[in-house]
Amino acid sequence: DGMPFDAKRYNYYALSSYYKAKNDSANSYRFRKKCLELIETHPDYIKQYPAQYFAALNNHFIGCCRMRKYKESGEALQKIKSLPGRYALSAGDALSVQVFVSACNLELFLYGKTGETRKILDFLPEAEEGLRLYENHISPAEKVVLYYNISIMLFTIGEYQKTMLWSGKILNMKDFGF
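Please read these numbers as outputs of a predicted model, since none were measured by experiment.

> What is the right way to read the packing of aromatic side chains from this model?
What characterises a pair of aromatic rings is the spacing of the ring centres plus the angle enclosed by the ring planes. Here the structure, examined in full by the defined rule, presents 9 aromatic pairs. With centroids separated by 5.8 Å and ring planes inclined at 5°, the aromatic side chains of Y19 and F31 adopt a geometry described as stacked. Linking Y19 in helix α1 (residues 5-21) with F31 in helix α2 (residues 25-40), this pair joins segments that are 12 residues apart in sequence. When its relative accessible area of 9% is taken as the criterion, F31 is described as buried. An aromatic cluster is present here, built from Y12, Y18, Y19 and F31 joined pairwise through their rings. A cation sits over an aromatic face here: R9 above Y10, 4.6 Å from the ring centre.

Following this line, the structure appears as structure tokens:
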């Protein structure tokens, strides 16, 4: 097919959205994956528009989870987490912050879906480091969601003291940003 890159990309995105609206997860997944694969064949596009690549990876992750393709979700998550280093994004860069916050929440979601909830204990130092690094760039609303997700995951594995610590971070916030 002789369709230009952008036309194909928009077509795949539109079809994935259409099938999602029709509650057809299999076809939505299929077109999310096609969109990602198309973008990945154009490294110059990714360098120029890393946010578009991030969006495609994020959409693919969601499609994989809906299809219970958790191994593939994990692969997409690793690509998301590697974006700042691969594309030299600085800590203050809005995309870097968005990648960090999204990757944390996606990782916690994946642990819950796969039953690997104890992995939260290995994940916490990475989350805490990112929170220190991006502290002044993460919105209060994003912090609330992340703290809440961490608290819930800790609660599910019986880490009640740590749950209270993370829940306390929410209670001690002055501005929730909502």
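> Which parts of the structure should I look at to understand the pattern of salt bridges?
Opposite charge on two side chains permits pairing when their charged atoms draw close. Evaluated as defined, the whole model comprises 8 salt bridges. The partner of K71 in a salt bridge is E75, and the shortest N-O contact between them spans 3.2 Å. Here E75 and K71 lie together in helix α5 (residues 70-86), a separation of 4 residues that amounts to about one turn. Under the relative-accessibility criterion, E75 is labelled partly exposed at 42%. Notably, a salt bridge pairs K81 with E107, separated by 2.7 Å at the nearest N-O pair. Of this pair, K81 sits in helix α5 while E107 sits in helix α6 (residues 94-114), and the two are 26 residues apart along the sequence. A relative accessible area of 25% means that K81 is categorised as partly exposed. It is possible to trace a salt-bridge network through shared partners that takes in K81, E107 and E126.

Analysis parameters
- Residues numbered from 1 in each chain as written.
- Predicted model: local features only at pLDDT ≥ 70, side-chain atom pairs only at ≥ 80, totals over all residues.
- Heavy atoms only, no water.
- Phe/Tyr/Trp six-rings, centres within 6.5 Å; stacked < 30°, edge-to-face > 60°.
- Helix = DSSP H or I, 4+ residues; strand = E, 2+ residues; numbered from the N terminus.
- Buried < 20%, exposed > 50% of the residue type's maximum accessible area, 1.4 Å probe, protein only.
- Lys NZ or Arg CZ within 6 Å of the ring centre and 35° of its normal.
- Salt bridge = Lys/Arg side-chain N within 4 Å of Asp/Glu carboxyl O.

No statement about biological role is implied by the geometric values presented.
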